[in-house]
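So the chains spell out like this:
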Amino acid sequence: MEQSLSLRRSLSLEQKKARLGVQLVLPSVIVIGLLIIYPVAYNMYLSLFKVNLVGNNTFIGAKNYINIIADATFWQSVLTTFLYVVFSTFGTTLFGLVVALTMNKKFPLRAIVRSIIILPYVAPVIAVVYAWQFFFDPVNGIFIHVVVEMLGLYDQRFNLIGTPEYAIWVAIVFSIWKSFPFTYLMIIARLQTIDNNLYEAAEIDGCSSWKKFLHITLPELYFVLGTLILLRFVWNFNKFEEVYLLTENVKTLPIYTYFKAFTGVMDLGQGSALAVIQFVLLIGLIMVYVKKVLKW
Amino acid sequence: MKNTRKVIMMIVIVCLVAPFALVAQGEAETGPVSFEFWTTETQSDRMATIQVLVDTYEILNPDVKINLVPVDENEMATQLQTASAAGNLPALIEIGAENAVAFGSDGLMDVVRNGELIDKIGEDEFYSGALRLVASESGDNYAVPFHGWIQGIWYRADWFEEAGLEPPTTWENIEKAAEYFYNPSENQYGILVGTKAEGFTEQCFTQFALSNGAQLFDKDGNLIFNSPEMKEAVEYYARLAQYNPPGPQTWRARDYYLQGKMAMFFYSTYIMDDLSLQEKAAGSLTGENFAELAGSDFDPDLVTHTQMVPLITNTDTAGFGVVVTLGVINQPDSAAADAAVDFARYLYTPNAYITFLHMAPGGMNPVLKGIASNERFQNDPQGIFKHYGAEKMAEINSGMNDIVTFSIVDGNRITAASTITTKQIIPQMLYKVTQEGMDVDAAMDWAESEMKKLID
C-alpha cells in the first residue's frame, strides 16, 4: 500500500496526465478493438479460406482474391461504384452549397422553408424508396402519366428506375436528393460564422458577388467542404440499402458483395475477400484525399 | 479489517447462491426441451395461426418449449449461416425443396431424422412426386415435403374468346396471344414473364425450357446447359418478354392483371384468393387517390373470367411448382432435434395440417394424398374452394405429383442443379438478354462459365 502511494507520488504531473489519458481512452480502445478491429481481422483471416456451412474451413490461400480479380463483373462493379460515388458526392455537395447560400439570404417564410428542406434526410429510407417506385412506376406512376399522357414528351411509357442505362442515374439523383440536407446544414452553420466585415471590405473595394464568393466564402468553407466530401465519399462507397432497395440492378461493390456472399448457398470466403478489397480501396483513397486535399 | 469483512461477506454469498445454482443446473439436464422453429410464413396473420398450433402442441407436451421465428425466405441462407457460426441453429425450418437440397448437400440437414419423420407419417401417404424432390443421390431425405404450389398461366378467358384465340397451352398460342393483346399506347400488356434477376424469373423460364426438352444436366450429371433446345427456349422467352410491361418485371406486376391491364401472367396458385376476394385484391388496385388511372375498382367478375393453364406444350409438356418442406437441422442437441421431429409429426396430423394449409387455400396444397378429399379441407373458411369448385381444386392438388425441375433428370438427383438455382444464374442470364440486350449466345456462354465455377 505504502509502496504504491510512494510510486504515485513519484510520478510527475506530465506522467500523471498521460496516465489519466490512457485510462480515459482505454474503454473506447477496448470497445473499438472488439467491435471493429477484431471483425476486420477475422474477415481478413476468413478471406483465405473456403468457408463451409458445417465442419472445418479449408485453407485456399489467395484463391478467393484471384477468382475475384479474374471476374469481369467485379471490375464492372468497381466502375459502377466510382461513377455512383463521384457523381453523388459532388452532386450532394454542390446542391447543398447552392441551397445553403440561398437559405443564408433573408426572404419571407425562410424558417418554414429551412425546416421543410430537412425532410428528405430524416424520412426513413424504405418509405421514400417506395414512394419513388410508385412515382416512377411505368404503368401506374404519376411521372409517366404526366410526361407521356399529359405533356406528350415521349411516345411510349418506359421504366425509368428499372432500365439498366437509366438506373444508376436515378440512384445518383436519389442519393443527392436524400443527402443534400446534411451538407446544407453543415455549410450554413459555417456560413453564419463568417465575419461580415470581410464582405463589407470587399464591397468597398468594388468586388462583384461572384468575386466575394470566390475569394471570401469559398476559402472560408474550404475545410468544411473538404470534410463533407470525405464523409460523403466514405458513406456512399459503403452505401447499400438505398441503391439495393431502389434499383436492384445497380451493382455497386457492396451490392456485388452481397450477391456473391449471400445469394443461395453462401460463399463467405469470397464475400470476405471482396470486403477486404473494398476496405483497402477505400482506405487508400481516403489517405490520398486527406493528404492532398485536407492537407492534414 | 475491512478486507476481512469483505472476504467473509463473499463466502456467505457464495454459500447462499451455490445450492440454487447447482439445483438449476440439475434441472437443465432433465428439464424442458426448447428449440427454434423458423418459418417462412412471415405475414402476421399466418404467424398467428402457426402460433396457435405451437401453443396447442405445448399444452399437449408441457416439457417442450418452441420458439417460433419468422424468417424471410430470401434471408434464410444468411440467417442459417449466422446461426451456424454462433452455434445457435434452429432445430426445425420451413424451406423450399431446392434450398433444402442445396443446404443438405452442404451437410446442414439431418437426413436420419428427416427419414425417421417420413417413416412415422408413412412413405406411402406422400405424393411420390413430392418425395422425389427432397431425395438425395443416395436415397436419403434432405427434408420432408410439407405443402406446395403449382405454377401456371392465368389468363383472361373472356378476352381470348372475344378475340377468337386458343387458350395459351402451347408456345405458339402463348406468343400469338401476347402479341395480340400487347397495346402499350392504351397501357395494356400481353403477358407477364419474370425478367428481374431473381427466383420468379427462373420459375417462369423453367417451364418453357422443360417443355422444349432443355435440361441443365443429363442423367449422369454432365452439364448440357448450352444446347440448341436451351437456346431456343431463351430466344423464345426473350420474344415473350417484349410483350411485358416496360422494364424488368417480377411477380409484383400481377397487380396490372387485377387492374385489367394485362391478358396473361405467370403465377402460382397463391393468386386464387386475390382474384376472388375484394379485401385481398385491394392491395393490388390503383386506389382511390388515383382516380384518373384505370384499375382502381375490384372486378367481381374477374374470377369467372380467369382461367389457368398449368401445363405448357412445345416438344414436351411441362408443369412447374414448388414444394415447401419441413427440415430437421443437423445439430449437437439431440433432445431438441427429437422434439422437433415430434412437433413436425404433430403438424402432419389432419387437424393441424388442414389448419396450416387453410392459411392460403389454393396456394398451400397438401402433399399427403388423403387430405385433398378430406371434407374439412374442402370447406376452407374463406370459401376459395367454393369459388373455384372442388373439381378445379382437385386438379390443382393432383399437380403436386407432376412437378418437374432441373434437379431431377430421368429420376436421378442432380444436386448441382439446385445449387445453380439458389445462385440465380439463369435469371441473371435472362436479365442480361431481355434488359441489357446481350446476345443470346454470349449470355449463355456467360451462364455456362458461372455454372462450371460452381460445379468445380
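Above this note sits the structure.
All of these numbers come straight from a predicted model, not from anything done at the bench.

J.: Describe in detail the interface of chain A and chain B, supporting the description with residues and values.
T.: Between chain A and chain B, the contact holds 30 residues from the first and 37 residues from the second. Summing both sides of the interface, chain A and chain B together bury roughly 2700 Å²; the carbon and sulfur share of this comes to 52%. In this structure, the connection of chain A to chain B is made through 0 salt bridges. In this structure, the connection of chain A to chain B is made through 8 residue pairs in polar contact (both at pLDDT 80 or more). When contributions to the side of chain A that touches chain B are tallied by element, the ones reaching two or more residues are helix 7 (142-150) and helix 12 (253-262) of chain A. The leading source of residues in the side of chain A that touches chain B is helix 12 of chain A, at 4 residues. Looking at the side of chain A that touches chain B residue by residue, the class counts come to 14 nonpolar, 9 polar and 7 charged.

J.: Explain the pairing of strand 6 (residues 262-268) of chain B residue by residue, including any values.
T.: All names here are of chain B. Burial analysis of strand 6 places 7 of its 7 residues in the buried class, which makes it a mostly covered element. Across 5 bridges, strand 4 (residues 144-156) lies against strand 6 in antiparallel orientation. By the bridge assignment, Tyr155 is partnered in strand 6 with Met264. For strand 5 (residues 189-192) and strand 6, the ladder comprises 3 bridges, and the chain directions are parallel. Note on strand 6: the bridge partner recorded for Leu192 is Phe265.

J.: Got a sec to walk through the environment of Lys280 of chain B? Specific residues and values, please.
T.: All names here are of chain B. Within the fold, Lys280 resides in helix 13 (residues 278-281). With relative accessibility at 30%, the residue Lys280 sits in the partly exposed group. For the pair Lys280 and Phe298, spaced 18 residues apart in sequence, the C-alpha separation works out to 9.9 Å. Lys280 has contacts with Asp45, Asp273, Asp274 and Gln382, leaving out every residue within four places of it along the chain.

Thresholds applied
Residues numbered from 1 in each chain as written. Chains lettered and ligands numbered in written order. Predicted model: local features only at pLDDT ≥ 70, side-chain atom pairs only at ≥ 80, totals over all residues. Heavy atoms only, no water. Contact = heavy atoms within 4.5 Å. Buried area = accessible area lost by both parts, 1.4 Å probe. Salt bridge = Lys/Arg side-chain N within 4 Å of Asp/Glu carboxyl O. Polar contact = N/O pair within 3.5 Å; in protein donor to acceptor, adjacent residues only side chain to side chain. Helix = DSSP H or I, 4+ residues; strand = E, 2+ residues; numbered from the N terminus. Nonpolar A, V, L, I, M, F, W, Y, C, P; charged D, E, K, R; others polar. Buried < 20%, exposed > 50% of the residue type's maximum accessible area, 1.4 Å probe, protein only. Pairing = 2+ DSSP bridges.

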